[in-house]
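# Topology and contacts: notes
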Amino acid sequence: MLSVRMQRDQGIGPLVLLLVVGGYVVSGTESSDYSEAVVLPDSFPSAPAEPLPEFLLEPEDAFIVKNRPVQLRCQASPATQIYFKCNGEWVNQNDHVTRESLDQITGLVLREVDISVSRTQVEELFGLEDYWCQCVAWSSAGTTKSNRAYVRIAYLRKNFEQEPLGREVRLEQEVLLQCRPPEGMPVAEVDWLKNEDAIDPSQDSNFLITIDHDLIIKQARLSDTANYTCVARNVVAKRRSSTATLIVYVSGGWSSWTEWSECNARCGRGWQRRTRSCTNPAPLNGGAFCEGLPFQRVTCTTLCPDKKISIEHASHPLAPGTGVAVYAGLVGAVLLCVILVLCVGVLAYRRRCRHLHGDITDSSSALTAAFHPGNYKPPRQDNTHPLHPSAPPDLTATAGAFRSPLFSLQQGVNDSPHKIPMTTSPLLDPLPSLKIKVYNASTLSSLELPADMCLGDGEILSLKSVGTMGRERDYHSHTLSREPGLSTSATLGNLGGRLTIPNTGVSLLVPPGTIPQGKFYEMYLIINKWDKTTLPSEGSQTVLSPVVSCGPSGMLLNRPVVLTLPHCAQLDTPTPDWTLTLKTQTHQGAWEEVLTVGEETLSSPCYLQLEEECCHVLMEQLGTYGLVGQSCPPQPACKRLQLALFAPRAPCLSLDYSLRIYCIHDTPHAFKEVLDLERSLGGVLLEDPKPLLFKDSYHNLRLSIHDIPHTHWRSKLLAKYQEIPFYHIWSGSQRPLHCTFSLERGSLAVSQLTCKICVRQVEGEGQIFQLHTDIQETLPPHSPLPSGGTCLPSSQVGPYAFRLPDSIRQKICASLDAPSARGCDWRLLARSLGFDRYLNYFATKPSPTGVLLDLWEACHQADADLVSLATALEEMGKSEVLVVMTTDGDC
């Protein structure tokens, strides 16, 4: 065996030649010197194999803008070939553009390939999957695939899903401007402009742009009064929303009072005056002017110098002529007083005689309305002596408070039911000190009437407008419209009463003793129409109840009243899904938070008792209120909705026929509103409304019609279904929401219609209407009374408004108000009745038991079963109270 090997010793010596012959090694160098022989191995390793291709550049997602094709590129090494595969098919070799180069570092070949994808190729793809491409590279070791690159056609719709709305907000109020950009591919980026300048939250921390593209102004400043625009852009186009004008207003505030001026009289009685100005701050941008008067005036007395001298020097004789002047002045003053007294006496006598010489309206209905509300009758229209002829007629019930014994007025068999001969009747003589105070709902002004003035019903009611001239009227008297079916009113006094708007679930309970003794107020209760009021919801909050105003606002109450509101929150879940907030509206129209359920403190002005379908609010300040809510993470909340199906009233004389489906809150008021609307349109309810739970999931409500007999009917709807956007339903800002399915029958002879209408929330619950009707058959209107809408009288005055007699109420309060060491007091009653969510509210009241009983009256206004109260007292061991209830009550 012969082999030759060359070796350089440690890389620096001469080249060594190794000659191996038969197992012996002979070494040599380029010189003539010889060194020691080295033994070599019998075999040597082979060259390494070529690796798999590695992609240095992979194709990326691309968008086709208009008709411009896109380029996809990939690069791999080492690679002998690279080809594109699009949607599972190889791209033609001629469509590839290939370039080769040598990597200077590794010495390997780099191969790069491009292809072009046109709009036509993408549009011709059939199926739901997007158009995609990927590279496949080969080497001697195998193949490697790149990631997929998707090619989509870019677009941007023209219309925004939600545009910002202009608002007027008070200084330092949080502001939310909502924006939902148009649908687009790729998804549009959103910017906000303030007077055409871009808003950068990193430069101004008072601005915040949410992940949903909403703009939040944390505290509105005067400098934030501007025009705001939402701008959406992607690779295709840029869209601008309509401009929203934000006005930040400042309501005026009074400055400090100035010092009192000097008395304007140099001698005797005069006036002192002080002023203030509405400049702290001054009203700006339409803010409200300061309430109240800019000045105050008080009486003052200055000692007269002459009198002072006469007292110090009484023993000195008067100067000549001075005594005559003094005596003449005194005589003149006495004569003037006598004349005034005679005039007043004559006027009073003539006024008394004028009322006693003729028949007058039965005033007993006004004086005894609190005891005999069933005998109330409207005032006479032929009264010849009205105190205020311009006052409008008032048909509300009246009540009185009396300070002396009351005698019933008995009529003869043949007497007129509307007249009582008063010329010889002494029946009112036992009331010499009677005074009646009538309070106006707008100004809270009062008028005291002397007992010798015999007034009829019409005259008493006319006095309500006294004192209103020249004074600023109550804010709500201008802004609230009392429409039929949405309002009620009554004149209430110390005996209290109840106001109820029939078939709406809205009521106001005024307990006895709430209004001070001897005073009367014209109280009102109004449901604000949705198109005429600002809603209390903000951000992700949703309106859950009607917005209700009760008044007069600003009146002083001796104890809380109870306002009952229906709501549509779903509350039967095992865990709390809602954060519920009661809000009130200020005189400037802004909404303020009153309390959040579960977060009450001792400073909370109200107490809210929550039931499944309504809530009861104990409050001592009348005004405008509404209940709002939002989901409490992690579970989404649900609203209770009703689906109501309406159709034209039979017989139908046209080939066209329409079906309307309303999506409304599950409250009596919302359903009554739709019934009234359809009644005005000539529609009829086809069947009972169906319930639907609508989840806070951002999914729309989808409506579709099926199984139409196409031989006789056809649908004019081109799309397969209709949708009501989620935000329109969840916000509660648009009422009432509905969809219409327009149908056409083949001829007038066709009268039978059968179909199926499906309504469901996408990825949520749904309902199906199975319709089978004869459009020519006249049926009685189908108008079921909604839950909680029992028709109660619109107003009840005095004891008849309450289920619990006053004698029983007083004995229960006397037994339970005092704290008991065993805990058997009002606190145990609250737990038994389910009113113990926040006991500190009741503990701050003079009579906690009385407030609990007021709340019980409001919660049981429909049934008012005394058995439930008696059962609670029996469990407490209050046998003495049960005896009283059995004797005086009817349980």
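This one's a predicted model, so the numbers in the text were calculated from it and none came from an experiment. (Residues numbered from 1 in each chain as written. Predicted model: local features only at pLDDT ≥ 70, side-chain atom pairs only at ≥ 80, totals over all residues. Heavy atoms only, no water.)

### Here we look at the nonpolar core
One broad rule of soluble globular proteins: the nonpolar side chains tend to lie buried together. Of all hydrophobic cores here, the largest spans 70 residues; its most connected members are L508, M523, L525, L563, M619, L659 and I757. Those residues within four positions of L659 in sequence are excluded, and the remaining contacts are L645, F646, A647, L686, I705, C739, T740, F741, L743, C755, I757 and L771. (Core = buried A, V, L, I, M, F, W, Y, C linked by side-chain atoms within 4.5 Å. Buried < 20%, exposed > 50% of the residue type's maximum accessible area, 1.4 Å probe, protein only. Contact = heavy atoms within 4.5 Å.)

### Some thoughts on the state of the cysteines
Applying the stated criterion across every chain yields a total of six disulfides. Between the sulfur atoms of C267 and its disulfide partner C304 the distance amounts to 1.6 Å. The S-S bond linking C267 to C304 shows a torsion near 100 degrees; that makes this disulfide right-handed. Taken together, the residues span a long stretch of sequence, with C267 in the loop between strand 24 (244–249) and strand 25 (268–275) and C304 in the loop between strand 26 (295–302) and helix 2 (305–312) at a distance of 37 residues. In this structure C304 comes out as buried when scored by relative accessible area, which is 11%. Taken in N- to C-terminal order, the disulfide-linked cysteines of the protein are connected 1-4, 2-3, 5-6, 7-11, 8-12, 9-10. No disulfide involves C606; its sulfur sits 9.8 Å from the nearest other cysteine sulfur, which is in C550. (Disulfide = S-S within 2.5 Å. Helix = DSSP H or I, 4+ residues; strand = E, 2+ residues; numbered from the N terminus.)

### Describing the sheet that holds strand 10 (residues 109–117)
Pairing in this open sheet of four strands is antiparallel, and the strands run 4-6-10-9 from one edge to the other. Strand pairing shows two members of the sheet lacking a second neighbour, strand 4 (54–57) and strand 9 (97–102), which therefore form its edges. On average, adjacent strands in this sheet sit at an angle of 25 degrees to one another, irrespective of strand direction. Across seven bridges, strand 6 (residues 70–77) lies against strand 10 in antiparallel orientation. Its bridge partner lying in strand 10, L72 is registered against I115. (Pairing = 2+ DSSP bridges. Axes fitted to C-alpha atoms, helices over the stretch in contact; angles between N-to-C directions.)

### Describing the packing of aromatic side chains
The final tally for this structure, using the stated rule, is 14 aromatic pairs. For the ring pair W578 and W730, a centre distance of 5.7 Å and an interplane angle of 5 degrees mean the geometry is stacked. With W578 in strand 38 (residues 578–585) and W730 in helix 8 (residues 726–731), this pair connects stretches of sequence that are 152 residues apart. Neither residue differs from the other here; W578 and W730 are each classed as buried. When the centroid spacing of 5.5 Å and the interplanar angle of 80 degrees are considered together, the rings of F726 and Y727 count as edge-to-face. Accessibility expressed as a relative area gives 2% for F726, which makes it buried. In this structure Y727 comes out as partly exposed when scored by relative accessible area, which is 29%. One aromatic cluster in this structure is built from W578, F694, Y698, F726, Y727 and W730. (Phe/Tyr/Trp six-rings, centres within 6.5 Å; stacked < 30°, edge-to-face > 60°.)

### Considerations on a nonpolar patch on the surface
On the surface, a cluster of nonpolar side chains totalling about 220 Å² of accessible area is made up of L171, L222 and L284. In this fold, L284 is placed in the loop between strand 25 and strand 26. Assessed through its relative accessible area of 38%, L284 is described here as partly exposed. (Patch = residues over 30% accessible without salt bridge, like charges linked within 9 Å, V, L, I, M, F, W, Y side chains within 5 Å. Areas by Shrake-Rupley, 256 points an atom, 1.4 Å probe, with all protein chains shown as cover. Salt bridge = Lys/Arg side-chain N within 4 Å of Asp/Glu carboxyl O.)

### Some thoughts on helix 12 (residues 848–859)
With 12 residues, helix 12 extends 17 Å between its outermost C-alpha atoms, agreeing within 8% with the 16 Å of an ideal straight helix rising 1.5 Å per residue. The element helix 12 is extensively covered by neighbouring structure, given that 12 of its 12 residues are classed as buried. The set of residues buried in helix 12 consists of P848, T849, G850, V851, L852, L853, D854, L855, W856, E857, A858 and C859. (Expected span 1.5 Å × (residues − 1).)

### Looking at the side chain of T488
Here T488 lies in strand 31 (residues 487–492). Not counting residues within four places of it along the chain, the set of residues in contact with T488 comprises L499, T500, I501, M523, Y524, L525 and S794.

### With respect to the confidence of the model for the protein
The predicted model of the protein averages 76 in pLDDT, with 73% of residues at 70 or higher. Counted against residues more than four places away or in other chains, residues 307–311, with its pLDDT under 50, gives zero contacts. Every residue in residues 313–320 scores below 50 in pLDDT, and together they form one contact with partners more than four places removed in sequence or on other chains. (pLDDT = per-residue confidence, 0-100.)

### Looking at unusual backbone geometry
Here the bond from G551 into P552 is cis, since omega is 15 degrees, no more than 30 degrees from zero. Along the chain, P552 falls in the loop between strand 36 (548–551) and strand 37 (561–566). The linkage connecting A650 with the following residue, P651, adopts the cis geometry, with an omega of 0 degrees. Among the secondary structure elements, P651 is positioned in the loop between strand 43 (638–648) and strand 44 (656–665). Unusually for a residue other than glycine, N87 sits at a positive phi of about 55 degrees. Looking at where N87 falls in the secondary structure, it is placed in the loop between strand 7 (81–86) and strand 8 (89–90). Taking relative accessible area as the criterion, N87 reaches 22% and is therefore assigned partly exposed. A positive phi angle is found at N195, which is not glycine, with a value near 55 degrees. You can see N195 is positioned in the loop between strand 18 (189–194) and strand 19 (197–198).

### Here we look at the pairing of strand 52 (residues 766–774)
In terms of strand pairing, strand 51 (residues 752–761) meets strand 52 through nine bridges, oriented antiparallel. Along strand 52, the bridge assignment pairs R760 with G766.

### Digging into the pattern of salt bridges
All told, the structure shown has 27 salt bridges when counted by the stated rule. R99 serves as the salt-bridge partner of E112, at 2.6 Å between the closest nitrogen and oxygen. Of the two residues, E112 is situated in strand 10 and R99 in strand 9; the sequence distance between them amounts to 13 residues. Here E112 falls in the buried class, since its relative accessible area comes to 16%. For R99, a relative accessible area of 34% translates into the label partly exposed. Of the charged contacts, one joins D676 and R679 as a salt bridge, the two residues approaching to 2.8 Å between their closest N and O atoms. Placement of the pair is D676 and R679 together in helix 7 (residues 668–681), with a separation of three residues, close to one helical turn. By relative accessible area, which is 35% here, D676 ends up partly exposed. Owing to a relative accessible area of 49%, R679 belongs among the partly exposed residues under this scheme.

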